[in-house]
Amino acid sequence: MNSELEKFEKIKASGDLPSPRGVALTIMRLTSRDDVGFIDIERAIKSDPAFVGRLLKTANIAARERGRPVVSVPDAIKVLGITVVRNLALGFSLVSGYRVGACPNFDYGAFWSRAIVTALAMQAILRQTRQASPDEAFCCGLLADIGRLAFATVHATEYSRLLESLDLPPTAGDDAERMILAREAERFALNHDELTVAMLADWGFPQTLIEPIRFRHRPESASFAADSRSEHLLAALRLADGIAGLCLAAPSDRAPAMARLTGRSIALRIDLDMLEGMVDAIVRDWHDWAPMLSLDSPPVLPSFGAMLAEKDVVSEPPAAEASAAQAPLRVLVAAADATLRASLERLLIESGEQVFVVGDGEAALERALDVQPQVLIADWQLPVIDGLRLTRILRNTRLGRGMYVLIVTAPVEEERFVEVFDAGADDYLVHPINERAFLARLRAGARVVGLHEEVRRDHEELQHFAAELAVSNRRLHEASVTDALTGFHNRRYAMERLESDWAASTRSARPLSCMMIDLDDFKGINDRFGHAIGDKALVAIAGVLRNALRSNDTICRVGGDEFLVISPDSDATAIAACARRLMVAVAALKIDSGRGIVPCSVSIGVATRGETMSDTAALVKAADDDMYRAKPGGRRPADLPYA
Ligand SMILES: Nc1nc2c(ncn2[C@@H]2O[C@H](COP(=O)(O)OP(=O)(O)OP(=O)(O)O)[C@@H](O)[C@H]2O)c(=O)[nH]1
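None of these values were measured; they are calculated from a predicted model. (Residues numbered from 1 in each chain as written. Predicted model: local features only at pLDDT ≥ 70, side-chain atom pairs only at ≥ 80, totals over all residues.)

Asks: Hey, could you run me through the site of the ligand in this one?
Replies: Around the ligand, a shell composed of 17 residues is seen, among which Asp-520, Phe-522, Lys-523, Gly-534 and Gly-560 lie nearest. Listed by contribution, the elements that provide at least two residues to the shell around the ligand are β7 (512-519), α25 (522-529) and α26 (531-548). When the residues that make up the shell around the ligand are grouped by side-chain class, the tally is 5 nonpolar, 5 polar and 7 charged. (Near = placed C-beta within 6 Å. Helix = DSSP H or I, 4+ residues; strand = E, 2+ residues; numbered from the N terminus. Nonpolar A, V, L, I, M, F, W, Y, C, P; charged D, E, K, R; others polar.)

This is the structure in structure tokens:
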């Protein structure tokens, strides 16, 4: 048994590790048997109505593109698959069972909020990149930090002391995370990432899905093959971490959180536009999920675009690297002949390089993917996969394209060397090796490797600049559609947004409503109290609107004292009720001018898309007309014709 597993078994033996209960336990037991039928699982699920609701919700997110809602348990199982259903049951049962606990400095609410945002982010990222099942990724994201909860459960008092001594904000970056990991390892012999990996493996999660968790805060130590699923999942997990960090950051910490996020999205070729749509959708889903899981209410977050415009966001620069000229070369030597191997190894070590040695082609391939050498020295006559075939295989991978390849061969006629170059090798050495010639060739190789590294670094820097430029462009765009006083979008944005919500309502045949809100006698307020107090009133009324409306309503300031609210999925009754609520809330405002309370009231016009309405202009006009009917003097809530 390896030592990590041994340490995990010790913790597990305490019997206190977080574990599934109720229906989750039944489903896990059932799915571990070969003879279990679909009906048994369906029956187990149906015994827990709360789980049925959550399962249907997940299935409907998964099936968004198919246009037909999932309304039954068998349908949900078909959409998600038994494994995902089982892992969802596990995850949700842990959320319900460990909402509070005995570790005083562990914030259980923040832990689960972060978990659900990470889960939603993993699902959204994988839906975009399609490198793994988004629903499996959801489960993996939900439980990606479960080791932390496990420490808080098994070692409540000690873990609380450890957290107190570190006193780090929950959204700190990699450096802070590494500090926690190091202290946990010192104290408990395992860190929470290792414990998470062990727990998920114990629950039967597939290795490729959970292994990236081990490296989520130290990606430079991961040695996944280039373009492998694990490498991709690691990048996805880091981006999901970044998204969760941004969503949970205090407003003053959003700029560094945003910087981490934009840097990480580059690795997955997710541009800012995609990221924006993704983050805004994740925040909306979070608002839906939180009450379903009885989690803390999510904060009302500005849109991604508004957060991007908030501060000077600069994406993470590419990691600083030692100059390739000074760093030792990573050289892989692949030769069956022990004397040849030993002499190459000696020469390379003497010249200060980092050497890895293998005896056949298959081992060479495996080792190459693992250590990612910059130089490969391979014997032509290598067993299993010969040197030329090995070169061809590696040249077809991203990793192998930049490698400097030297083929070692016994003397052959000149003609045959063509084959060496045709296979993609850079040079050859004739055995027995002339030491001076070998070292000269190695220097030539080092020069080429150095150039490759330079190109790669330049490319990364260019990507970094491109990301920064995209951020600046986005910020400029955001500023051009944002009202500086209230932070709401302006008329230009309102009209674009209305068009897209109109199109969505046409596609889905769902209602679309809007509200035109106009402050009453605002000129009088300015004249009586001064412009500064007028501004204060505008900001206060904007705050009322922000707090009173749903997260998927769009509020725009379309004139000096006019706001337009676009409300998808609201019918005439709902929008009227909403207008009444707003009027009451604004009337209750007490804005102190220093010379008495400022009288605040609004007139609101409402309109709902009807069959005779041809376009968005007609909808806005209807709301406008309704608002003017309410003036002058402001319409009282009771005057609104709908109860
Ligand atoms: N303080 C402040 N005032 C503004 C701002 N933008 C526009 N205004 C003022 O808002 C007032 C709007 O006046 P009107 O359009 O006559 O509307 P009203 O006085 O609210 O009258 P009714 O709409 O009929 O109730 C004007 O005096 C503008 O100068 C702003 O950003 N800050």
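The discussion continues.
Asks: It is not clear to me how the packing of helix α7 (residues 108-129) against helix α8 (residues 134-142) should be interpreted in this structure. Could you clarify?
Replies: A pair of packed helices can be characterised by two numbers: the angle between their axes and the separation between those axes. Packing of α7 against α8 brings their axes to within 7 Å, and their N-to-C directions diverge by 155°. The angle between α7 and α8 falls in the class roughly antiparallel. Remark: the crossing between α7 and α8 carries right-handed chirality. Across the interface between the two elements, Ala-115, Ile-116, Thr-118, Ala-119, Ala-121, Met-122, Gln-123, Leu-126 and Arg-127 from α7 touch Pro-134, Asp-135, Ala-137, Phe-138, Cys-140, Gly-141 and Leu-142 from α8. Looking at side-chain class alone, the contact of α7 with α8 contains 11 nonpolar, 3 polar and 2 charged residues. (Axes fitted to C-alpha atoms, helices over the stretch in contact; angles between N-to-C directions. Parallel < 35°, antiparallel > 145°, perpendicular 65-115°, else oblique. Left-handed = near helix turned anticlockwise from the far one by under 90°. Contact = placed C-beta atoms within 7 Å.)

Asks: It is not clear to me how the environment of Val-73 should be interpreted in this structure. Could you clarify?
Replies: Assignment of secondary structure puts Val-73 in helix α5 (residues 73-80). Take Val-73: there are 19 C-beta atoms within 10 Å of it, and that puts it in the partly exposed class. Separated by 17 residues in sequence, Val-73 and Leu-56 have C-alpha atoms that sit 7.1 Å apart. (Buried ≥ 20, exposed ≤ 12 C-beta atoms within 10 Å, placed from the backbone.)

Asks: What is the right way to read the sheet that holds strand β2 (residues 354-358) from this model?
Replies: Adjacent strands of a sheet pair through backbone hydrogen bonds, lying either parallel or antiparallel. Taken in spatial order, the 5 strands of this open sheet run β2-β1-β3-β4-β5, and their pairing is parallel. Looking at which strands have only one partner, the edges of the open sheet turn out to be β2 and β5 (427-430). Each strand axis lies, on average, 20° off the axis of its neighbour in the sheet, ignoring direction. Of the strand pairs in this sheet, strand β1 (residues 330-334) and β2 are connected by 5 bridges, and their pairing is parallel. Paired with Arg-330 across the two strands is Gln-354, which belongs to β2. Along the sheet face, helix α20 (residues 387-395) touches β1, β3 (375-379) and β4 (404-409) and points at about 150° away from the line of β3. Along the sheet, helix α23 (residues 435-480) makes contact with β3, β4 and β5, crossing β4 at roughly 155°. (Pairing = 2+ DSSP bridges.)

Asks: Please clarify how the confidence of the model for the protein should be interpreted in this entry.
Replies: Do not read the predicted coordinates in detail wherever pLDDT is low. Here the protein averages 86 in pLDDT, and 93% of its residues register 70 or above. Note on residues 319-325: pLDDT is under 50 here. Beyond four places in sequence and across chains, it has 6 contacts. Note that residues 634-638 has pLDDT below 50 and, in this model, 11 contacts with residues that lie over four places away or in other chains. For this predicted complex, the interface score ipTM comes out at 0.96, alongside a pTM of 0.57. (pLDDT = per-residue confidence, 0-100.)

Asks: Would you mind showing me how to read the sheet that holds strand β8 (residues 554-559) here?
Replies: The strand order across the open sheet built from 5 strands is β6-β8-β9-β7-β12, with neighbouring strands paired in mixed fashion. In the strand order of this sheet, the two ends are held by β6 (489-490) and β12 (602-608), each with one partner. As defined by bridge partners, β7 adjoins strand β9 (residues 562-568) across 7 bridges and the pair is classed as antiparallel. Residue pairing in the sheet places Ser-513 in a bridge with Ser-567 of β9. Across the sheet, helix α27 (residues 572-587) is in contact with β7, β9 and β12; its angle to β12 comes to roughly 170°.

Asks: What's the story with the packing of helix α6 (residues 82-97) against α8 in this structure? I'm lost.
Replies: Relative to each other, α6 and α8 sit at 20°, their axes nearing to 9 Å. Classified by the angle their axes make, α6 and α8 are roughly parallel. Our pair here, α6 against α8, has a crossing hand that is left-handed. Here α6 contributes Val-84, Asn-87, Leu-88 and Gly-91 to the contact with α8, which in turn contributes Asp-135, Glu-136, Cys-139 and Leu-142.

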